[in-house]
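Structural characterization, general
The residues making up each chain are set out below.
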Amino acid sequence: MGPSSGVKVVVVGAGLAGLSAASTLVKAGFQHIQVLEAMSRPGGRVHTTRPFGQDIIELGANWIHGQEGNPLFHLARERGLLLEESGSAKTMCLPGSLTPNNYFFEESGRQLPVDEVDQVCAFFRGVTSKAFGSELEPSHSAQSLGGYLDQEFAQSPLGASKVGQRIFEWCKRSECTDEASSSLYEVSAVQLCHYVALEGGFFNCLGPGGYQALVDTLLDSLAPGSVLCDRPVHSIHWALEEERHAHPVSVRCRAGQCFNVDHVIVTVPLGFLKENATAMFEPALPVSKASAIESLGFGTVDKIYLRFEKRFWPDDCDGIQLVWDAGPEDEKVYRYSQSGGGDWRDTWYKKICGFDTVARHPTVLCGWITGREAQHMAGLDEKTVGEACVRLLRSFTGWLVPEPAQVLMSRWGSEPFVRGSYTYPPPGVDAVREHNALAAPLPLPSDAAHSQEKPLQVLFAGEATHANFYTTTHGAYITGIREAQRIIDLYGDKKLDS
Ligand SMILES: Cc1cc2nc3c(=O)[nH]c(=O)nc-3n(C[C@H](O)[C@H](O)[C@H](O)COP(=O)(O)OP(=O)(O)OC[C@H]3O[C@@H](n4cnc5c(N)ncnc54)[C@H](O)[C@@H]3O)c2cc1C
C-alpha cells in the first residue's frame with residue numbers, strides 16, 4: 001500500500017482536462033477517483049457526432065493545433081488516431097490559412113479575384129502576427145485588437161480601396177472565430193502575445209473516430225464506474241474543520257449525492273464559473289480568483305452544418321466566403337450596438353463568415369458564426385437558420401442552391417454547463433496573471449489557517465487555466481496532468497511523463 005492508496009479525489013467535469021487528471025492519478029496508483037459529469041456524455045467541448053450517416057461531424061473541437069511539444073498530438077499518433085491520407089483533410093478558411101480554392105463573393109454576386117483577396121489577407125496576417133509575436137509598441141497597450149488593426153489598415157495604401165475595406169472586414173469577422181469573440185474590439189491586442197502556437201501546423205486532423213477516439217482512450221484508462229454522467233455538481237464545501245469532518249472537502253450533487261474527499265479538481269468551463277461560481281463554493285472563492293473569472297473573456301463560436309442531397313459547388317471549391325458591402329461596424333458603431341443600439345439581431349446572419357467544405361462529407365457545408373449573433377442564432381430553429389443560409393448562398397453566388405436536406409447547429413452559448421466556446425483576453429486585462437490566478441489551488445499560500453494542515457483541497461484545471469495554451473484541447477489536457485501532478489507530488493510519488 002502506497003501513501004496515496006486511501007486518498008479520495010473527485011474530478012468535476014469529464015472534458016479533456018478532467019479525464020487527463022483522472023487518468024494521470026490512476027496511472028500513479030490512486031485508487032479512489034470519481035469523475036462527476038453534468039452532461040449525459042463525457043467529452044465536454046469535444047463532441048463527435050454522426051448525424052449524417054457513418055462519418056463523423058465534430059460539433060466542438062476539430063483539429064489538433066501543433067505537433068511539437070503537444071502531448072495530445074503524440075497520444076493520438078501513438079494510438080494511430082490521426083488522419084493518414086492528408087488528401088481528405090479539411091481546414092477552415094481563416095485569413096491566415098487561405099487556400100486558392102476558396103471562392104470569395106461580394107453581395108452583388110461578383111466573385112472576387114484571388115490576388116485581390118490574397119493581398120488584403122496577407123496584410124491582415126502580417127499585422128496580426130505582430131500582435132501574436134510581441135512586436136507591438138507600448139502605445140498599443142490598452143488597445144483592442146480591432147482598434148489596432150483598423151489603425152494599421154487606415155495607414156496602408158490598401159485602406160483606400162472600397163473592395164479592400166470589405167475584404168478587411170471579412171478578415172476581422174473571420175478572426176473572431178479564432179478569438180471566440182463578438183468582435184475584435186473585445187480582444188486585447190498586446191495580450192495575444194502570450195498565446196503560444198506550437199510548431200507543426202494548426203489543422204492536424206484526427207482519423208475516422210474523430211476527437212471522441214481520444215476521449216475513449218482516456219476513458220479506457222479508468223476503472224468502470226469512475227465516470228458518472230448526469231451528475232451536475234451543485235456545491236463544493238471546502239476548508240471543513242477536522243474535528244467534525246473526516247475529509248476537508250465535500251462535493252454535493254444537485255440530486256443530493258455527496259462525496260467527502262481529500263481533493264477536488266474543478267475543470268468546469270470559465271463560462272460556467274462566470275454564471276455559477278458565487279453560489280458554488282463555500283467558503284467563497286478568494287478575491288483573486290473571483291476577479292480572474294470576471295475579467296477573462298469567454299466567447300461563443302458555433303458551427304452550422306448544411307447537408308444537401310447533391311453537391312452544387314464546383315469540385316475544386318474548398319469554401320464559399322461572404323464579403324459584405326458594409327463592414328458590420330467600426331469600434332464606435334460596435335460600442336453603440338453593445339449598449340443596446342443598432343439592429344444586429346435582425347441581421348445576425350451577417351456574422352456568418354462563409355461556408356467551408358467538410359472532410360468525408362462531399363455534400364455538406366459548415367458555416368461559422370461567433371459572439372452575440374451566435375447566441376442569438378441558438379434561439380432559432382434549424383429550419384429558420386437553414387433558410388437564412390440558403391438565402392445567403394443563393395444571393396452571393398448566383399448558383400442554383402437547393403434546400404438543405406438536413407441542418408445541424410451547435411449551441412455552445414446556451415449549453416448550461418459550458419456557456420460559450422473558449423477563452424480570450426479582453427483589453428486592459430493582465431491575462432497571464434488572471435489565467436494563473438484561476439489555476440491557483442486552494443487554500444492559497446496566503447491563507448495560513450488552512451494551507452499547512454490540508455493543502456490542495458480545491459484544484460482548478462481546464463483550458464482557461466493555461467496562460468499560453470488557453471482555448472485549445474492540448475491546453476485542457478496539459479492542465480489536467482498539471483493538477484494531478486500536484487496531488488501526486490504531495491504524496492511523494494515519482495513524477496510522471498505527460
Ligand atoms: C466549436 C468549438 C470548436 C473548437 N475547436 C477546437 C479545435 O479545433 N482545436 C482545439 O484545440 N480546441 C478547439 N476548441 C476548444 C476545445 O474544445 C476546448 O478548449 C477543450 O475541449 C476544453 O476542455 P476542458 O476539459 O477544459 O473543458 P470542457 O471540455 O468544457 O469540460 C468541462 C466539463 O465540465 C462539465 N461541467 C460543467 N459544470 C459542471 C458541474 N456543475 N458538474 C459537473 N460537471 C460540470 C461540462 O459539462 C464539461 O463536460 C473548440 C471548442 C468549440 C466549442
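Bear in mind the structure is a predicted one, so any value in this text is a computation, not a measurement.

**Brief notes about helix α2 (residues 71-78)**
Among all positions in α2, only P71, L72, F73, L75 and A76 are buried. Close packing links the buried residues of α2 with α1 (16-27), β5 (63-64), β7 (204-205), α6 (210-220) and α14 (473-490). By the N-cap criterion, in which a side-chain oxygen at the helix start approaches the backbone nitrogen of a residue two or three places on, α2 is capped by N70, the distance to L72 being 3.0 Å. Just beyond α2, the residue with positive phi is G80, at close to 70 degrees.

**Observations concerning the site of the ligand**
Taken together, 36 residues lie around the ligand, and E37, R45, W63, V233 and T473 are the ones closest in. Interatomic distance of 2.7 Å between a side-chain N/O atom of R45 and an oxygen atom of the ligand. In the model, a nitrogen atom of the ligand is placed 3.1 Å from a nitrogen or oxygen of the H65 side chain. In isolation the ligand has 1,000 Å² of accessible area, and contact with the protein removes 99% of it. The set of elements that each furnish at least two residues to the shell around the ligand consists of α1 and α14. Looking at side-chain class alone, the shell around the ligand contains 19 nonpolar, 13 polar and 4 charged residues.

**Quick notes on the sheet that holds strand β1 (residues 8-12)**
Reading across the sheet, the 5 strands line up as β8-β2-β1-β12-β21 and stay open at both edges, with parallel pairing between neighbours. The open sheet terminates on both sides in strands that have one partner only, identified here as β8 (227-228) and β21 (458-460). Sheet analysis places β1 next to strand β2 (residues 32-36), joined by 5 bridges and oriented parallel. Note on β2: the bridge partner recorded for V9 is I33.

**Digging into the packing of α2 against α14**
For the pair α2 and α14, the least separation of the axes is 8 Å and the interaxial angle reads 95 degrees. One way to sum up the angle between α2 and α14 is to call them roughly perpendicular. Across the interface between the two elements, P71, L72 and L75 of α2 pack against T473, H474, Y477 and I478 of α14. Residue composition of the contact of α2 with α14, grouped by class: 5 nonpolar, 2 polar and no charged.

**Some words on the sheet that holds strand β9 (residues 233-237)**
Across the sheet, 4 strands lie side by side as β11-β10-β9-β13; this open sheet has mixed pairing. Because the sheet does not close on itself, it has two edges, and the strands there are β11 (258-261) and β13 (281-282).

**Details of the packing of aromatic side chains**
In the structure shown here, the tally under the stated rule is 23 aromatic pairs. Seen from their ring centres, F312 and W399 are 6.4 Å apart, and the 65 degrees between their planes marks the pair as edge-to-face. One end of the pair, F312, is in the loop between β15 (301-307) and β16 (319-323); the other, W399, is in the loop between α11 (382-397) and β19 (406-409), and 87 residues separate them in sequence. An aromatic cluster is present here, built from Y103, F105, F308, F312, W313 and W399 joined pairwise through their rings.

Rules used in this analysis
Residues numbered from 1 in each chain as written. Predicted model: local features only at pLDDT ≥ 70, side-chain atom pairs only at ≥ 80, totals over all residues. Heavy atoms only, no water. Buried < 20%, exposed > 50% of the residue type's maximum accessible area, 1.4 Å probe, protein only. Helix = DSSP H or I, 4+ residues; strand = E, 2+ residues; numbered from the N terminus. Contact = heavy atoms within 4.5 Å. Polar contact = N/O pair within 3.5 Å; in protein donor to acceptor, adjacent residues only side chain to side chain. Near = heavy atom within 4 Å. Areas by Shrake-Rupley, 256 points an atom, 1.4 Å probe, with all protein chains shown as cover. Nonpolar A, V, L, I, M, F, W, Y, C, P; charged D, E, K, R; others polar. Pairing = 2+ DSSP bridges. Axes fitted to C-alpha atoms, helices over the stretch in contact; angles between N-to-C directions. Parallel < 35°, antiparallel > 145°, perpendicular 65-115°, else oblique. Phe/Tyr/Trp six-rings, centres within 6.5 Å; stacked < 30°, edge-to-face > 60°.

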